[in-house]
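If you want the building blocks of each chain, they are given just below.
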Amino acid sequence: MPVTTIDPVTALVVVDLQSAATAMPTVHPFDGVLANAVKLADAFRAKQLPVVLVNVAGGAPGRTEHGSGVADLPAGWQELLPDLGRQPGDKTVTKHTWGAFHGTGLAEHLRELGVTQVVVCGISTAIGVESTARQAHEHGFHVTLPVDAMTDLDVSMHDNSVAKIFPRLGETGTTAEILALLAA
């Protein structure tokens, strides 16, 4: 189903498009995902709407069968990609869990700005993006997910999030559909 509306105060939340992500074997070409995220960020800034750039700098402390997943990453892995064109007015959030809301003050920041809707994109679809979308939904924000501005390392996980989870959290669409609504 296409995206139906963009609220007057909508924020873009870009998840984990950082140095470590560029070398990952993603389902969809990383360059295309990044290009769509950049288009969205540029359009939101042009409309003077909030842009939130999220990076991950660690993992939750709990024990998992997969381990922490951050032990062997190179120096600077958590740096946001320069392609995102970070601006002084952008909010940056460093997270230590899958979702961008837990322990970061992001919900409070967005409420102070009068935000009622978030557009969430980035990597990976079934982890950072889905967790952030779930948390946004639980905080009462309308959620929109541009499926061509996200990717994952596992096709079945990506497809499950897009087809089964996201329609329960909000609306899905394309970057072009969101850009068209922003321009209207």
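Trainee: I would appreciate a short explanation of the side chain of Asp16 in the present structure.
Mentor: Here Asp16 shows up in the loop between β1 (10-15) and α1 (30-46). Residue Asp16 is classed as buried on the basis of its relative accessible area of 9%. Among the polar contacts listed, one links the side chain of Asp16 to the side chain of Lys95, at a separation of 3.0 Å. Once residues lying within four places of it in the same chain are set aside, the contact partners of Asp16 are Ala21, Val54, Asn55, Val56, Lys95, Ile123 and Gly128.

Trainee: Hey, could you run me through the packing of α1 against helix α5 (residues 175-183) in this one?
Mentor: Any two packed helices are characterised by how steeply their axes cross, that is the angle between the axes, and by the distance between the axes. Their axes nearest at 10 Å, the elements α1 and α5 cross at an angle of 10 degrees. When the axis of α1 is compared with that of α5, the two are roughly parallel. For the pair α1 and α5, contact is made by Asn36, Lys39, Leu40, Ala43 and Phe44 and by Thr175, Ile178, Leu179 and Leu182, respectively. Tallied by class, residues from the contact of α1 with α5 come to six nonpolar, two polar and one charged.

Trainee: Sorry, what's going on with unusual backbone geometry here?
Mentor: Both trends apply: most residues other than glycine have a negative phi, and most peptide bonds are in trans. The linkage connecting Ile123 with the following residue, Ser124, adopts the cis geometry, with an omega of -10 degrees. Unusually for a residue other than glycine, Asp16 sits at a positive phi of about 60 degrees. Even without glycine at this site, Gln48 takes up a positive phi of about 55 degrees. For Gln48, a relative accessible area of 74% corresponds to the exposed category.

Trainee: Could you clarify how one ought to interpret the packing of helix α3 (residues 125-138) against helix α4 (residues 155-169) in this entry?
Mentor: The interhelical angle for the contact between α3 and α4, taken along N-to-C directions, is 5 degrees, at an axis separation of 10 Å. With respect to α4, the element α3 is oriented roughly parallel. Along the contact surface, α3 presents Thr125, Ala126, Val129, Glu130, Ala133, Arg134 and His137, while α4 presents Met157, His158, Ser161, Val162, Ile165, Phe166, Arg168 and Leu169. Considering only residue class, the contact of α3 with α4 consists of eight nonpolar, four polar and three charged.

Trainee: Teacher, can you tell me more about the pairing of β1 here?
Mentor: A regular strand places its side chains so that they alternate between the two faces of the sheet. With respect to burial, β1 is a largely interior element, six of its six residues being buried. Handedness of the β-α-β unit built from β1, α1 and strand β2 (residues 51-56) comes out right-handed.

Trainee: In this structure, what is going on with the side chain of Thr125? I would like to understand it.
Mentor: Counting through the fold element by element, Thr125 comes out in helix α3. When neighbours within four sequence positions are excluded, Thr125 is seen to be in contact with Glu130, Met150, Thr151, Asp152, His158, Ser161, Val162 and Phe166.

Trainee: Is there a simple way to think about α4 in this case?
Mentor: Every α-helix winds through 3.6 residues per turn, so residues three or four apart in the chain are directed the same way. The terminal C-alpha atoms of α4, which comprises 15 residues, lie 20 Å apart, in line with the 21 Å expected from a rise of 1.5 Å per residue. When the local axis directions of α4 are compared, the greatest deviation, roughly 35 degrees, occurs at Ser161. Among the residues of α4, those classed as buried are His158, Ser161, Ile165, Phe166 and Leu169. Close packing links the buried residues of α4 with α3, β5 (142-146), β6 (150-151) and β7 (171-173).

Here is what the cut-offs are and how they apply
Residues numbered from 1 in each chain as written. Predicted model: local features only at pLDDT ≥ 70, side-chain atom pairs only at ≥ 80, totals over all residues. Heavy atoms only, no water. Helix = DSSP H or I, 4+ residues; strand = E, 2+ residues; numbered from the N terminus. Buried < 20%, exposed > 50% of the residue type's maximum accessible area, 1.4 Å probe, protein only. Polar contact = N/O pair within 3.5 Å; in protein donor to acceptor, adjacent residues only side chain to side chain. Contact = heavy atoms within 4.5 Å. Axes fitted to C-alpha atoms, helices over the stretch in contact; angles between N-to-C directions. Parallel < 35°, antiparallel > 145°, perpendicular 65-115°, else oblique. Nonpolar A, V, L, I, M, F, W, Y, C, P; charged D, E, K, R; others polar. Right-handed = clockwise from strand over helix to strand, strands pointing away. Expected span 1.5 Å × (residues − 1). Bend = angle between axes of the 7 residues up to and from the residue.

None of the figures reported here should be taken as evidence of function without further support.
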